[in-house]
2 protein chains.
Amino acid sequence: MDGRFNLDNQLCFRLYTASRLITQAYHPLLSEYGLTYPQYLVLLVLWEKDAQPVNDIAKRLLLETNTVTPLLKRMEAEGILTRTQGIKDARQMIVSLTPKGRNLQKKLSAVPETVGSSVLCDSVTPATVPGLFGMLDGIINQLKNNKNEDNQ
Amino acid sequence: MDGRFNLDNQLCFRLYTASRLITQAYHPLLSEYGLTYPQYLVLLVLWEKDAQPVNDIAKRLLLETNTVTPLLKRMEAEGILTRTQGIKDARQMIVSLTPKGRNLQKKLSAVPETVGSSVLCDSVTPATVPGLFGMLDGIINQLKNNKNEDNQ
DNA sequence: TATATTTGCATCGTGAACGATATAAATTAT
DNA sequence: ATAATTTATATCGTTCACGATGCAAATATA
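The structure reproduced in this document is the subject of the present report. In every chain, residue numbers begin from 1 and rise along the written sequence. Whichever chain is written first becomes A and whichever ligand is written first becomes 1, with later ones labelled in order. For this predicted model, a pLDDT threshold of at least 70 governs which residues receive local features, and a threshold of 80 or more governs which side-chain atom pairs are given and counted, while totals over whole chains, interfaces and linings are taken from all residues. Hydrogens and waters are ignored; side-chain quantities use all the structure's heavy atoms.

## Things to note about the interface of chain A and chain B
Put simply, an interface is often sized by how much accessible area is lost when its parts join up.
Stage number 1. We call two residues in contact whenever any of their non-hydrogen atoms come within 4.5 Å of each other. The interface of chain A with chain B comprises 58 residues on the first partner and 59 residues on the second.
Stage number 2. Interface area, chain A with chain B, both sides summed: about 5800 Å², of which 71% is carbon and sulfur.
Stage number 3. Three residues stand out in chain A for area buried against chain B, namely Phe5(A), Arg14(A) and Met135(A), and they jointly supply 13% of the buried area on that side.
Stage number 4. In this structure, the salt-bridge partner of Arg14(B) is Asp137(A), at a minimum N-O distance of 2.7 Å.
Stage number 5. By the criterion applied in these results, polar contacts are pairs of N or O atoms within 3.5 Å in which, for protein atoms, one can donate a hydrogen and the other can accept it, and in which residues neighboring in sequence qualify only through two side-chain atoms. Here chain A is connected to chain B by 22 residue pairs in polar contact (both at pLDDT 80 or more).
Stage number 6. In this text, helices come from DSSP runs of H or I with a minimum length of four residues, and strands from runs of E with a minimum of two, each type numbered from the N-terminal end. Listing elements by their share of the side of chain A that touches chain B, those giving two or more residues are helix H1 (11–31), helix H2 (37–48), helix H3 (54–61), helix H6 (111–118) and helix H7 (129–150) of chain A.
Stage number 7. Looking at the side of chain A that touches chain B, the element that brings in the most residues is H1(A), giving 16 residues. Defined here as a combined quantity, buried area equals the accessible surface (1.4 Å probe) lost by two parts on assembly, summed across both. A pair is scored as a salt bridge if a Lys or Arg side-chain nitrogen falls within 4 Å of a carboxyl oxygen belonging to Asp or Glu.

Put into structure tokens, the structure is as follows:
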């Protein structure tokens, strides 16, 4: 009768499920190199720009530092990156790739293409993806703004 | 130069972020009643059809039983539901709502509307949501099928 | 009817997420 | 310059996710 509570009418459940399933699709490709998906995201950020403070990495990923710090420590223990105290600002920890961390980019070069092609289907094609990106960006920006308003 | 690894070109990062942020939007509404978002999902399933075995709940949410079992135990400890051994099949645990669990539906009646309206923006409107749902369903079904093929 | 396999659920270990809180360095105000 | 505030990061506790594994009940096979 009342469809408000029907799982099939829920945007969030779709996002939650799609996110989990696509992360699972990354798993076999990343675990070969001992990486998790969030760790892979950190690598994307550092390949883009090396030697960033924790805060910049967290902001780029829209995560809190209390999520990123332990993640970075695990990656440091794996020899993928280093964390060194900032010179200009002693509070900052500057995160830099090791050679091992840089080399992973070549080893993982097939990952985006492999995962990307695994989600293609009738309703998700090169033609429809820009529209999907636009809607997801809209949702993300909207929710980001709502959060900022609350914290004022 | 090579945009494959750019965070802004990644579908998964968008899904991951959108999922996290919208779950955060649920948080203040649900925590008032001591619920988490995955627990709310279990309630949606049980409000739809009470007295289901663990397996049916897990399948409906596309989760594994090793994720759902501890979650159900916490909800049982809160007095939201009961878990009783199946009669026809002694391996099954039948999960049923308590009066408290049923009453939560009235108390949370404003949640879908509240969260739903919080994501509306230029690119996400009642007119565009069906298209978004279709694409997310396409991705989910595609990845679900890929998983099943692997397990054969 | 024994034996083998499958099924349903649970346990365990690891790694996120995240709210709440702590701490020290930097900045601002007095 | 001293005190108050802000900022950058870290610690802690709880709750997912999920791969790996275990176990007992049910089913299939020999």
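Having seen it, we continue.
## Brief notes about the sheet that holds strand S1 (residues 52–53) of chain B
All names here are of chain B.
Stage number 1. Across the sheet, which stays open at both edges, the three strands sit in the order S1-S3-S2 with antiparallel pairing between neighbours. Looking at which strands have only one partner, the edges of the open sheet turn out to be S1 and strand S2 (81–85).
Stage number 2. Two strands pair under a simple rule: DSSP has to find at least two bridges between them. In the sheet, S2 pairs with strand S3 (residues 93–97) via five bridges, with the strands oriented antiparallel. Bridging across to S3, Gln85 finds its partner in Met93.

## Looking at the protein's contact with DNA strand C
Stage number 1. For this description, a residue counts as near a given molecule or strand if any of its non-hydrogen atoms is within 4 Å of it. Taken together, 26 residues surround DNA strand C, and among them Tyr16(B), Arg20(B), Thr69(B), Lys73(B) and Arg83(B) come closest.
Stage number 2. Measuring from a phosphate oxygen of DNA strand C, one finds a side-chain N or O atom of Thr36(A) at 2.7 Å.
Stage number 3. Note that a phosphate oxygen of DNA strand C is positioned 2.6 Å from one of the side-chain N or O atoms of Tyr16(B).
Stage number 4. The set of elements that each furnish at least two residues to the surface near DNA strand C consists of H2 and helix H4 (65–77) of chain A together with helix H1 (11–31), helix H3 (54–61) and helix H4 (65–77) of chain B.
Stage number 5. The classification used treats Ala, Val, Leu, Ile, Met, Phe, Trp, Tyr, Cys and Pro as nonpolar, Asp, Glu, Lys and Arg as charged, and all other residues, Gly among them, as polar. Across the surface near DNA strand C, the residue classes tally to eight nonpolar, 11 polar and seven charged.

## Some details on the relation of the copies chain A and chain B
Stage number 1. Alignment of the copies relies on least squares applied to C-alpha atoms, considering only residues that score at least 70 for pLDDT in both. Its rotation angle being 180 degrees, the transformation that places chain A on chain B also includes 0.0 Å of axial translation and leaves an RMSD of 0.0 Å. Accordingly, the operation relating the two chain copies is best matched by a two-fold axis. Closest approach to the rotation axis within chain A is made by the C-alpha atom of Leu15(A), at a distance of 2.9 Å.
Stage number 2. When the interface residues of chain A are mapped onto chain B, 100% of them are again interface residues, pointing to one common binding face.

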